[in-house]
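# Commentary on secondary and tertiary structure
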Amino acid sequence: MSKPQSDVDKRKQISVRGIAQLEDVNDIKKDFNRHLHYTLVKDRNVATVRDYYFALAHTVKDHLVSRWIRTQQYYYEKDPKRVYYLSLEYYMGRSLQNTMINLGIQTACDEAMYQIGLDIEELEEMEEDAGLGNGGLGRLAACFLDSMATLGMPAYGYGLRYEYGIFAQKIRNGEQVEEPDDWLRYGNPWEKARPEYMIPIHFYGRVIDTPEGKKWVDTQTVFAMPYDNPVPGYANNVVNTLRLWSAKSPIDFNLKFFNDGDYIQAVLDRNLAENITRVLYPNDNFFEGKELRLKQEYFMCAATLQDIVRRYKASKFGSRDAVRTSFDDFPNKVAIQLNDTHPSLAIPELMRILIDDEKLSWEKAWDIVVRTCAYTNHTVLPEALERWPVSMLQSILPRHLDIIYHINFLHLQEVEKRFPGDFGRMRSLSLVEEDGEKRINMANLSIVGSHAVNGVAAIHSEIIKKDIFKSFFEMTPAKFQNKTNGITPRRWLLLCNPGLSDLIAEKIGDEWPVHLDQLQQLKKWSKDPTFQRAVARVKQENKLKLAQLLEKDYGVKVNPASIFDIQVKRIHEYKRQLLNCLHIITLYNRIKRDPTANFTPRTIMIGGKAAPGYYIAKQIIKLICAVGNVVNNDPIVGDKLKVIFLENYRVTLAEKIMPAADLSEQISTAGTEASGTGNMKFQLNGGLTIGTLDGANVEMAEEMGNENIFIFGMTVEEVEDLKCRGYNAYDYYNSNPDIKQCVDQIQGGFFSPGNPHEFQDLANVLLKYDRYYLFADFESYIKTQDRVSAVYQDQPKWLEMAINNIATSGKFSSDRTIAEYAREIWGIEPSWEKLPNPGVAK
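Residues numbered from 1 in each chain as written. Predicted model: local features only at pLDDT ≥ 70, side-chain atom pairs only at ≥ 80, totals over all residues. Heavy atoms only, no water.

### Regarding the overall build of the protein
- The helix and strand tally for the protein stands at 34 helices and 25 strands.
- Taking 842 residues into account, the globule formula puts the C-alpha radius of gyration at 28 Å, and the protein, at 28 Å, falls close to it.
- Residues classed as buried in the protein amount to 61% of the 842 residues present.
- Taking all contacts inside the protein whose residues are at least 6 apart in sequence as the whole, residues at least 24 apart take part in 77%.
- Of the roughly 32,000 Å² of accessible surface on the protein, a fraction of 51% belongs to carbon and sulfur atoms.
- Between the mean site of the 102 positive side-chain charges and the mean site of the 112 negative ones, the protein shows a separation of 2 Å. (Helix = DSSP H or I, 4+ residues; strand = E, 2+ residues; numbered from the N terminus. Rg over C-alpha atoms; globule rule 2.2 N^0.38 Å. Buried < 20%, exposed > 50% of the residue type's maximum accessible area, 1.4 Å probe, protein only. Contact = heavy atoms within 4.5 Å. Areas by Shrake-Rupley, 256 points an atom, 1.4 Å probe, with all protein chains shown as cover. Lys, Arg positive; Asp, Glu negative; His and termini not counted. Charge placed at Lys NZ, Arg CZ, Asp CG, Glu CD.)

This is the structure:
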């Protein structure tokens, strides 16, 4: 049965370049029908599209399992140093298409579904996003897992299996409304529960002195149940594991309940323990000192550390199988990476295990902990740094508070030796903050307990050394490193942009998905009209696809020839969606002043979630929606300008947006964004960046040259200088007519005629409480946006810049980032090793 060359076929071609097709289409059809009947207990008469998705997912998972088992056997035989990545968030998105691509079976699956009479894209759309993260930090962790598997590294991700992930965002009457993300409603075909590895976790209780040392007694127990998720490498038969912990109540009941006859209450009370992993905190840029969050952090660390120690002891070593009893080799076999401070309790927990359970001396245990652990800092915002009240730690984790106090005591002794009499320095270096409520500074604990501390972009790492952790850098400068973030090219080009992937492969071959620096070769075609036209055609196809989605979902018909100007990220004042909004209003006012002027059409899209308790962020969303309502319904504006707030921005939506973008908005105040990774995804897909010299924008500009990026605004030094001089927003308001008109419209009810004072609070932020200096960068931003419009009208120039963006994105592969972590922090060498195919003799 032959079939015509369709978009689906084209979408699938790239996935098999350079990968042997071992799977037969008939086998896939047979496995699919077997799962439909025996796993889902359905036939074609009653099966739904979701059933077909599950049948396909189980079929694809079958191809994973032997590779997964073989990989773990290989690690056991070789006993290499293992990497353990600890993160409270993993923003994984969907797994089906990514797995098919990495296994090289996408074309076979597509053909099998076609022969059965199903549309594979429709099945893929049925998969729920695994939204177990808020934004950049969780998505980075997901990219890192992909790279560690692709580089053949013996690595494990550890996190929490939240029953409810990041909330689903609905926009109702122009406002954000949160709905639960019940992502497990229909089950998760990719995970495997491992009840045999369930681990007891203790809370509360008290610490007593015994002849053998300190003992933590009278605790409350919750069990951690592991769920394993496969992480396939690209075309190398390696499948690593992401282990997510779920809280389970203790099995036994207190007999007192039976004696009181309150059996029902005994059963109901079990649910309280399980709340620990019920829901992801929807906030990664504000620290909320909630008891549940502390329990989540410790629960993940305690379960993970016990699992790591169990695996270390059970590992094969020497010439025979035995249980390791000595911990001398622990730092040579275990590397623990703390993804921000959320897993920082791993440090006192590992100390507790080594001292209390394994009976090591303090000195030996501390040496092991520091040589094993490393810490990644992800933020420069002071409100995001975790500081736990001592009273809360005393109640929930009394033994750990003891350990932290002793760590601090010995640490401050070292400080006193190095800087005698410098009490100011001792205060800044202490783990315990005494001003106001007594608190433990978790970033300080992470630095003291780690052998390496890294920022996530060159500029961010310098700010850490010169500002946030200046005293620590002066004390232990060798600890501090930079590891610029990256993204996986498999998901963010191969999967989401097959048209561009094909085009690149035709020019430079098939190896670029694992050697992204090969994209440099495209530079020689940046001015070639034929290649430019091909790139433009792919971009236009992606824009048309997105335009169809916008019309279907939002009822707004957009001009596909307009600049697709996109800002997608969490809604936060420092990311300055408000500055973008001021530009929209300025463009609108210009059109109204002179509708006949030459105007480069734009479709401006802004998307992202505001933390449920973040009032100003929610007001920003409301203003964007209100401005869009005015602009989109003004007949004078027509299709010159359209404004859309993208509802429920998530990984799956990002996969549709990145390939269609012309312009990427990366406009945070210089010195506030640690890195950003959305900027890299846009660059890789040929979107041009308008941005400040902040985060990874700085290195992107270095790679591609300033002529291929639109840089505006103050530098970090200029921001600091303005801060010292004092920032008065009214000076700009009174001297810039565009600013004045925008603010007057916002606070005068122009965009909210039903409630003239609706946005007064936003006007007050702009005029009185703006910590991010929007007006100081406004004029530069508007002028640079005008330059964007002018260059877009010169399409050969725009396309040359776009191709140079793609060609210089090689540095921003997460493969490069992970290789640097491996060599410079974890002390292992990426193997790039390919394991044998299942069924092939060793």
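Right, picking up where we left off after that structure.
### Comments concerning the domain arrangement of the protein
- Taken domain by domain, the protein comprises domain 1 (69-486) and domain 2 (498-812).
- Here domain 1 and domain 2 have C-alpha centroids that lie 34 Å from each other.
- Each side of the interface is counted separately: domain 1 has 42 residues, and domain 2 has 41 residues.
- For the domain 1 and domain 2 pair, buried surface summed over both sides reaches about 3,200 Å², with 58% attributable to carbon and sulfur atoms.
- Together, Q169, Q176 and I459 form the three largest contributors to the area buried by domain 1 at its contact with domain 2, with a combined 17%.
- On the surface where domain 1 and domain 2 come into contact, there are 3 salt bridges.
- The partner of E125 in a salt bridge is K656, and the shortest N-O contact between them spans 3.3 Å.
- On the surface where domain 1 and domain 2 come into contact, there are 14 residue pairs in polar contact (both at pLDDT 80 or more).
- Going through the elements one at a time, β2 (90-93), α7 (136-150), β5 (168-172), β6 (175-179) and α18 (458-468) are the ones with two or more residues in the side of domain 1 that touches domain 2.
- By residue class, the composition of the side of domain 1 that touches domain 2 is 17 nonpolar, 16 polar and 9 charged. (Domains from an automatic or database assignment. Buried area = accessible area lost by both parts, 1.4 Å probe. Salt bridge = Lys/Arg side-chain N within 4 Å of Asp/Glu carboxyl O. Polar contact = N/O pair within 3.5 Å; in protein donor to acceptor, adjacent residues only side chain to side chain. Nonpolar A, V, L, I, M, F, W, Y, C, P; charged D, E, K, R; others polar.)

### With respect to the sheet that holds strand β17 (residues 439-441)
- One open sheet accounts for 3 strands, arranged β15-β17-β16; its pairing is antiparallel. Looking at strand neighbours, the two that pair on one side only are β15 (387-389) and β16 (432-433), the edges of this open sheet.
- In the sheet, β15 pairs with β17 via 3 bridges, with the strands oriented antiparallel. Bridging from a neighbouring strand, W388 pairs with I440 of β17. (Pairing = 2+ DSSP bridges.)

### Digging into the confidence of the model for the protein
- Taken residue by residue, the protein gives an average pLDDT of 93. The fraction at 70 or more is 94%.
- In the predicted structure, residues 1-22 sits below a pLDDT of 50 and forms 55 contacts with residues beyond four places in sequence or in another chain. (pLDDT = per-residue confidence, 0-100.)

### Topic: the side chain of T376
- Counting through the fold element by element, T376 comes out in strand β14 (residues 373-376).
- Within the structure, the side chain of T376 is placed 2.9 Å from the side chain of N454, a separation counted as a polar contact.
- Beyond its immediate stretch of four places on either side in the chain, T376 contacts Q337, L338, N339, D340, N454, V456 and Y821.

### Observations concerning a nonpolar patch on the surface
- A contiguous nonpolar patch, built from Y263, I264, V267 and L268 and spanning about 370 Å² of accessible area, is present on the exposed surface.
- Relative to the elements of secondary structure, I264 occurs in helix α9 (residues 263-274). (Patch = residues over 30% accessible without salt bridge, like charges linked within 9 Å, V, L, I, M, F, W, Y side chains within 5 Å.)

### Side note on the pattern of salt bridges
- Here the structure, examined in full by the defined rule, presents 60 salt bridges.
- Between R94 and E125 there is a salt bridge whose closest N-O contact spans 3.4 Å. With R94 in the loop between β2 and α4 (96-103) and E125 in the loop between α6 (120-124) and β3 (130-132), the pair connects residues that are 31 residues apart, well separated along the chain.
- Salt-bridge contacts for R243 lead to D228; the nearest nitrogen and oxygen are separated by 2.6 Å. You can see R243 sitting in strand β12 (residues 239-248) and its partner D228 sitting in strand β11 (residues 220-232), a full 15 residues away along the chain. Exposure class is identical for R243 and D228. Each is buried.
- Beyond isolated ion pairs, a larger network of salt bridges with shared partners links R194, D228, R243, D307, R310 and R311.

### Thoughts on the layout of surface pockets
- In this structure, the second largest pocket occupies an estimated 740 Å³ of space.
- Lining the second largest pocket are 30 residues, and of these R94, E128, K170, N648 and R650 sit closest to its centre.
- Of all the secondary structure elements, the ones that give two or more residues to the lining of the second largest pocket are β5, α22 (529-554) and α25 (651-657).
- A breakdown of the residues in the lining of the second largest pocket according to their chemical character gives 9 nonpolar, 4 polar and 17 charged.
- Both domains that furnish three or more residues to the lining of the second largest pocket are identified here as domain 1 (69-486) and domain 2 (498-812). (1 Å grid on protein atoms, 1.4 Å probe; cavity = no way out; pocket = protein on both sides within 12 Å on 5 of 7 lines; lining within 4 Å. Points joined across faces, edges and corners; volume = space filled by probe spheres on them.)

### Points about the environment of T39
- Along the chain, the position of T39 falls in helix α2 (residues 25-39).
- Spatially, the C-alpha atom of T39 lies 20 Å from that of I120, the residues being 81 residues apart in sequence.
- Dropping the residues within four chain positions of it, T39 is found in contact with R34 and H58.
- At a separation of 2.7 Å, a polar atom in the side chain of T39 contacts the side chain of H35.

### Looking at the sheet that holds strand β22 (residues 641-646)
- Judged by pairing direction, the sheet is parallel, and its 6 strands sit side by side in the order β22-β21-β20-β23-β24-β25 without closing on themselves. Only two strands of the sheet have a single partner each, and these edge strands are β22 and β25 (710-711).
- Alignment of strand β21 (residues 602-607) against β22, held across 6 bridges, turns out to be parallel. Residue pairing across strands places I606 opposite F645, the latter belonging to β22.

### What about the pairing of strand β23 (residues 663-666)?
- Alternating residues of β23 divide into L663 and E665 and S664 and Q666, and every residue in both groups is buried.
- In this sheet, β23 lies alongside strand β20 (residues 563-568) in parallel orientation, the contact comprising 2 bridges. Looking at β23, one finds that I566 is bridged to S664.
- As paired strands, β23 and strand β24 (residues 688-691) are joined by 4 bridges and run parallel to one another. Its bridge partner lying in β24, L663 is registered against L688.

### Brief notes about the UniProt feature "modified residue: N6-(pyridoxal phosphate)lysine" (unreviewed entry) in the protein
- Mapped onto this numbering, the UniProt entry annotates "modified residue: N6-(pyridoxal phosphate)lysine" (unreviewed entry) at K681.
- One can find K681 in helix α26 (residues 678-684).
- Its relative accessible area of 7% is what places K681 among the buried residues.
- Discounting residues that sit within four places of it in the chain, K681 has contacts with R139, I487, W492 and M658. (UniProt positions renumbered as here; feature names shortened; annotations may be inferred.)

### Focus on the packing of helix α12 (residues 346-357) against helix α13 (residues 362-372)
- Where α12 meets α13, the closest approach of the two axes is 9 Å, and the angle between their N-to-C directions is 140°. Comparing the axis directions of α12 and α13 gives the class oblique. Along this stretch, α12 crosses α13, giving a crossing that reads as right-handed. Contacts between α12 and α13 pair I347, L350, M351, L354 and I355 from the former with W362, A365, W366, I368 and V369 from the latter. (Axes fitted to C-alpha atoms, helices over the stretch in contact; angles between N-to-C directions. Parallel < 35°, antiparallel > 145°, perpendicular 65-115°, else oblique. Left-handed = near helix turned anticlockwise from the far one by under 90°.)

### Describing helix α5 (residues 106-116)
- For α5, the tally of buried residues reaches 8 of 11 residues, placing the bulk of the element in the interior.
- The first or second residue beyond α5 is G117, which carries a positive phi of 100°.

### Re unusual backbone geometry
- In the Ramachandran plot, N237 falls in the positive-phi region, its phi being about 65° despite a non-glycine side chain.
- Inspection of the secondary structure puts N237 in the loop between β11 and β12.
- The class for N237 is buried, based on a relative accessible area of 13%.
- Although it is not a glycine, W832 sits at a positive phi angle of roughly 50°.
- Following the sequence through the fold, W832 ends up in the segment after α34 (814-826).

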